[in-house]
Amino acid sequence: MKMSQLYAPTLREVPAEAELRSHQFMLRAGLMRKSTAGVYAYLPLGYRVMQKVMNIVREEMNKAGGQEVLLPILQPAELWQESGRWADYGDEMFRVKDRNKRDFCLGPTHEEIITALVRSDVRSYKQLPIRLYQIQNKYRDEIRPRFGVIRGREFIMKDLYSFDRDEAGCDLSYQAMYDAYKEIFRRCGLDARPVEADSGAIGGDTTHEFMVLSDSGEALVVHCPACGYAANVEKAPCAEPAAQDVLDTQTAGLEKVHTPDAGTIDEICTFLDIEPQQCLKTVIYLADGKPVAVLVRGDHTLNELKLQKELDCSELLIADARTVEEVTGAAVGFAGPIGLSIPIIADQAAAAAADAVVGANQTDYHTRHVSVQRDLSLWKTADLRQCREGDACPACGQALDTARGTEVGQVFKLGTKYSEPLKATFLDENGKERSLVMGCYGIGVSRTVAAVIEQHSDADGISWPISVSPYHVVIVPVSFKDDQQRQTAEELYQTLQNLGVEAVLDDRLERPGVKFKDADLIGFPYRITIGPKSLAENKVELIERGTKTVELVDIAAVGSVLQERIHS
RNA sequence: CGGGGCGUGGCGCAGUUUGGCUAGCGCGCCUGCCUUGGGAGCAGGAGGCCGGAGGUUCAAAUCCUCUCGCCCCGACCA
């Protein structure tokens, strides 16, 4: 491709809308342009990268027994009503009507459609297992699209669905995908690691997320340097409090203290000169509309997912001020567990508190010297808090580290969550009808591109791993007007193409600085600079983008040198 | 949805408080000259009616009302 022809409008300045490096570079390097919030058009360079990623995904999916299909984006409401998710999915689903006022949605995911497809054609265990995948646009009306392509409302996802006859078969499918994912991300040049995760709205029990570690990542993960355990903080269990976490057991009698305007943990601590772990937070929630009090230690963060699981409710909301006042008889900030008439559920660390300060259920008052065991009757005690750095690893007990990450893929075992309501069944050897055991496995393809940039860029621009780079090399004659340089450049361009090296020839009549800057910004892994100095010796400069190392290479040898590096 | 901010040539911004604009600057773009090892220089030029709609006024980018869009922080997710 000639640079003068390439539709790659680069930007000198950083667009005001972009915060993340990946977002900025995708715009500046001319990979994409925004259409509307969370929706992007991919330009030639961006689309080439995407296709490289998709091809890697395809190859690994095919190796792992997958067969590619293309499923509808426009999906009928009936299917979603069958699975129950038409009601459950909420505002995040783009819903449309046809001219006859029939309901449809733009598929946010494809479990329903694929299950409906398979149920109509699969009759016998002899047809199993089946692993079907597609690379397709998905639509989710995100509450807040952000970070460019990382959280879009339209995005490209690879999703594979496995159908097995039993759990054991599903385990094999799951493992095959898990291994394929590791290989896919490795080939994309990503440092991605699987972490244990929560299954969220998709459902199912076993699931791993593949996280690309990066400071700008949206998710927080804990990992154990000792044993390699890793999990999303949403999921990571907290160990029961060790002995030293249990507060002093010689508790004095209850004492009500006047604490004017001290409604937050910080204010109380300052006021009473105590530490946050000596306080208990009492948070009122509405679980499917019913109030519950949740008790967490002052220095701990409540994990709402864990709470929701314990409460087994479908809607969990923090109570509004009016409800809090009704339930506690006090202003927000002074709720306490003593004397409440609603159920109290306590985090295990909070339940161990023996001399704590709690709200007195009276505005501007707290109660101190509370022993949970002595003074309260709890409805339930459970692991409700969010795991944090330094906590004991649930696998080996060593201290955990934390890191931020961007989720690029997730694998789920679904069981019969969809096959049962949608009646996707088969006959086993005994002629008995059974539900298909399913798994689903997604990779955010567009997001993966951004993740690669997050891990492979510097102040000057992108530095693509060869495997996903839009082109392998850019040839930059210092002056394209110079006959000798131009001729050398054009010959080299031909040679490289004949060797299967994907090359761009920068034939613009620009000054060298402009061409170098663009080359660095776009991120070609290699640059060949043709200038008068080296040309005199029949050599050109070969520059590696990642390391910026320069080497002089014989013109006649560049082709084979590059060919070898690209394929190694 | 709650909180904060912003919409002025393709991009980045100034002007808005204290109406007076024939709307300005840098970059980019076009033409010519010149230049060619890290986003050159000179000269000439094109391009906006100030997100949109109403209103106040002799006069509105600037004031008022409504509306649309975008960005950031928080609750959701690949």
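As a starting point, this report considers the structure included with it. (Residues numbered from 1 in each chain as written. Chains lettered and ligands numbered in written order. Predicted model: local features only at pLDDT ≥ 70, side-chain atom pairs only at ≥ 80, totals over all residues.)

Looking at the overall build of chain A
Okay, step 1: Each helix and strand counted, chain A has 16 helices and 31 strands in total.
Okay, step 2: The dimensions of chain A, computed from C-alpha atoms along their principal axes, are 95 × 70 × 50 Å.
Okay, step 3: Taking all 568 residues of chain A together, 43% fall into the buried category.
Okay, step 4: Within chain A, counting contacts between residues at least 6 apart in sequence, those at least 24 apart form 71% of the total. (Helix = DSSP H or I, 4+ residues; strand = E, 2+ residues; numbered from the N terminus. Buried ≥ 20, exposed ≤ 12 C-beta atoms within 10 Å, placed from the backbone. Contact = placed C-beta atoms within 7 Å.)

Details of the sheet that holds strand 30 (residues 539-544)
Okay, step 1: Spatial ordering of the open sheet is given by 28-27-29-30-31, a layout of five strands whose pairing is mixed. Of all the strands in the sheet, just strand 28 (503-505) and strand 31 (550-554) have a single pairing partner and so form its edges. Ignoring strand direction, the axes of neighbouring strands in this sheet form an average angle of 25°.
Okay, step 2: As paired elements, strand 27 (residues 473-477) and strand 28 share three bridges and run parallel to each other. When the bridges of strand 28 are listed, Ile475 appears paired with Leu505.
Okay, step 3: Sheet strands touched by helix 16 (residues 555-567): strand 27, strand 29 (526-530), strand 30 and strand 31. Its angle to strand 31, the strand with the most contacts, is close to 115°. (Pairing = 2+ DSSP bridges. Axes fitted to C-alpha atoms, helices over the stretch in contact; angles between N-to-C directions.)

Digging into unusual backbone geometry
Okay, step 1: Backbone torsion omega between Leu128 and Pro129 reads 0°, so that peptide bond is classified as cis.
Okay, step 2: Examined against the element boundaries, Pro129 turns out to sit in the loop between helix 5 (111-121) and strand 7 (130-139).
Okay, step 3: In this model, Lys101 sits at a positive phi of 70°, which is unusual for a non-glycine residue.
Okay, step 4: Locating Lys101 in the fold gives a position in the loop between strand 5 (94-97) and strand 6 (103-106).
Okay, step 5: The phi dihedral of Asn361 falls on the positive side, at around 55°, and the residue is not glycine.
Okay, step 6: Position of Asn361 among the secondary structure elements: in the loop between strand 18 (356-359) and strand 19 (365-370).

With respect to the protein's contact with RNA strand B
Okay, step 1: In the neighbourhood of RNA strand B, 54 residues make up the surrounding shell, with Ala16, Ala37, Gly444, Gly513 and Gly531 lying closest.
Okay, step 2: Going through the elements one at a time, strand 8 (154-164), strand 21 (401-415), strand 24 (437-444), helix 14 (512-522) and helix 15 (532-535) are the ones with two or more residues in the surface near RNA strand B.
Okay, step 3: Per-element accounting of the surface near RNA strand B gives the leading share, eight residues, to helix 14.
Okay, step 4: Looking at the surface near RNA strand B residue by residue, the classes come out as 19 nonpolar, 13 polar and 22 charged. (Near = placed C-beta within 6 Å. Nonpolar A, V, L, I, M, F, W, Y, C, P; charged D, E, K, R; others polar.)

Considerations on helix 8 (residues 304-311)
Because an α-helix packs 3.6 residues into every turn, residues spaced three or four apart end up facing the same way.
Okay, step 1: Along helix 8, the residues that are buried comprise Lys306, Leu307 and Leu311. Along the axis of helix 8, the buried residues cluster in a sector spanning 130°; they form a single face.
Okay, step 2: The elements touched by buried residues of helix 8 are strand 14 (280-287), strand 15 (290-297) and strand 16 (316-318).
Okay, step 3: Two residues or fewer after helix 8 comes Asp312, characterised by a positive phi angle close to 50°. (Arc of directions from axis to C-beta.)

Description of helix 5
Okay, step 1: Of all the positions in helix 5, only Glu111, Glu112, Ile113, Ile114, Thr115, Ala116 and Val118 are classed as buried.
Okay, step 2: For helix 5, the secondary structure elements touched by its buried residues are strand 4 (74-76), helix 3 (77-83), strand 7, strand 8 and strand 24.

A closer look at the nonpolar core
Okay, step 1: Of all hydrophobic cores here, the largest spans 107 residues; its most connected members are Met26, Val53, Met177, Val473, Ile475, Ala503 and Ile528.
Okay, step 2: Among the elements that line this core, the one with the most residues is helix 6 (residues 167-187), at eight residues.
Okay, step 3: Residue assignment places this core across two domains, with domain 1 (21-191 + 416-453) and domain 3 (471-567) each supplying three or more.
Okay, step 4: Once you skip the residues sitting within four places of it in the chain, Ile528 turns out to touch Val473, Ile475, Val476, Leu492, Val540, Glu541, Leu542 and Val558.
Okay, step 5: If you look at the next biggest cluster of nonpolar residues, it comprises 36 residues, including Ala262, Leu280, Ile345 and Ala353. (Core = buried A, V, L, I, M, F, W, Y, C linked by C-beta atoms within 7 Å. Domains from an automatic or database assignment.)

Some words on the environment of Thr363
Okay, step 1: Relative to the elements of secondary structure, Thr363 occurs in the loop between strand 18 and strand 19.
Okay, step 2: Of the residues examined, Thr363 has 18 C-beta atoms within 10 Å and is grouped as partly exposed.
Okay, step 3: Through-space distance from the C-alpha of Thr363 to that of Leu31 is 57 Å; in sequence the pair is 332 residues apart.
Okay, step 4: Setting aside chain neighbours within four positions, we find Thr363 in contact with Ala330, Ala331 and Phe334.

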